[in-house]
Amino acid sequence: GEDVEQSLFLSVREGDSSVINCTYTDSSSTYLYWYKQEPGAGLQLLTYIFSNMDMKQDQRLTVLLNKKDKHLSLRIADTQTGDSAIYFCAVLYRGDKIIFGKGTRLHILP
Amino acid sequence: NAGVTQTPKFRVLKTGQSMTLLCAQDMNHEYMYWYRQDPGMGLRLIHYSVGEGTTAKGEVPDGYNVSRLKKQNFLLGLESAAPSQTSVYFCASSTSPHEQFFGPGTRLTVL
């Protein structure tokens with residue numbers, strides 16, 4: 001089945017850029033997502049990219065997709081304390097299920 | 001427009017007890033999902049439904065049953081709770097498998 005891998009922790013200084021990386025195994029995945037989970041809350045869809053795109057930018061967020069290497073990244077520019085959360089990479093698998101990575105906990109240093 | 005709501009928010013069960021978790025959505029979504037979230041494991045799909053009256057198994061269906069008698073509700077049942085089912089349970093809904101909206105979660109502890 002599909003496997004989605006991401007590092008578990010990332011620490012970044014406030015004001016710097018954060019880059020969260022993800023790799024996946026199923027090359028047929030059509031949609032790839034980044035979800036954000038704040039403490040005690042459910043997941044919120046941050047952004048997504050369709051598999052025929054290489055990059056998508058939305059305000060401070062930039063998603064890069066390297067289909068050859070099956071690598072997805074999320075860049076958060078000018079990281080703020082409010083960005084502290086768990087970020088989940090996810091892919092649409094076989095058209096009817098979303099498979100999630102284990103999540104990357106982003107910690108913001110003052 | 002409440003979005004996706006889950007009842008209850010917290011529950012403590014003893015081993016062997018049964019319970020039902022309720023998920024409700026008011027967005028007229030066809031697809032509904034139940035996930036469990038465990039530390040270091042991410043979200044794992046338990047069961048899902050692609051429309052009223054339909055259900056399908058996800059990655060970790062054992063020990064759970066579901067029903068989708070009404071389009072807006074998706075029920076998750078535990079017939080005989082086990083400590084391994086201690087987790088946070090999330091419901092989600094969507095118009096297609098794409099772009100799921102999540103509820104706030106139910107924290108279940110099985111002693």
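Here is what the cut-offs are and how they apply
- Residues numbered from 1 in each chain as written.
- Chains lettered and ligands numbered in written order.
- Predicted model: local features only at pLDDT ≥ 70, side-chain atom pairs only at ≥ 80, totals over all residues.
- Heavy atoms only, no water.
- Pairing = 2+ DSSP bridges.
- Helix = DSSP H or I, 4+ residues; strand = E, 2+ residues; numbered from the N terminus.
- Axes fitted to C-alpha atoms, helices over the stretch in contact; angles between N-to-C directions.
- 1 Å grid on protein atoms, 1.4 Å probe; cavity = no way out; pocket = protein on both sides within 12 Å on 5 of 7 lines; lining within 4 Å.
- Points joined across faces, edges and corners; volume = space filled by probe spheres on them.
- Nonpolar A, V, L, I, M, F, W, Y, C, P; charged D, E, K, R; others polar.

Asks: Is there a simple way to think about the sheet that holds strand 3 (residues 19-25) of chain B in this case?
Replies: Each strand in a sheet pairs with another by means of backbone hydrogen bonds, the pair being arranged parallel or else antiparallel. Residue and element names in this part refer to chain B. The strand order 1-3-8-7 describes an open sheet built from 4 strands, whose pairing is antiparallel. On the outer flanks of this sheet lie strand 1 (4-7) and strand 7 (65-67), each paired with one strand and no other. Each strand of the sheet is rotated relative to its neighbour by a mean of 20 degrees, with strand direction disregarded. Relative to strand 3, strand 1 is paired through 4 bridges, and the arrangement is antiparallel. Its bridge partner being in strand 3, Q6 is matched across the sheet by C23.

Asks: What is the right way to look at the layout of surface pockets in this model?
Replies: Over the atoms rolls a probe the size of a water molecule, and its path tells where empty space is left. Estimates place the volume of the largest pocket at around 700 Å³. Along the walls of the largest pocket sit 30 residues, with Q37, I86 and R105 of chain A together with Q37 and R107 of chain B positioned nearest its centre. Within the residue set of the lining of the largest pocket, elements represented by two or more residues are strand 9 (85-93) and strand 11 (104-109) of chain A together with strand 4 (31-38), strand 9 (87-94) and strand 11 (106-110) of chain B. At 4 residues, the largest contribution of residues to the lining of the largest pocket is made by strand 11 of chain A. Taken together, the residues of the lining of the largest pocket break down into 13 nonpolar, 11 polar and 6 charged. Reported here for the second largest pocket is a volume of approximately 180 Å³. Residue lining of the second largest pocket: K36, L46, D58, Q59, R60, L61, I76, D83 and Y87 of chain A, and that is the complete set. Class assignment of the residues belonging to the lining of the second largest pocket gives a composition of 4 nonpolar, 1 polar and 4 charged.

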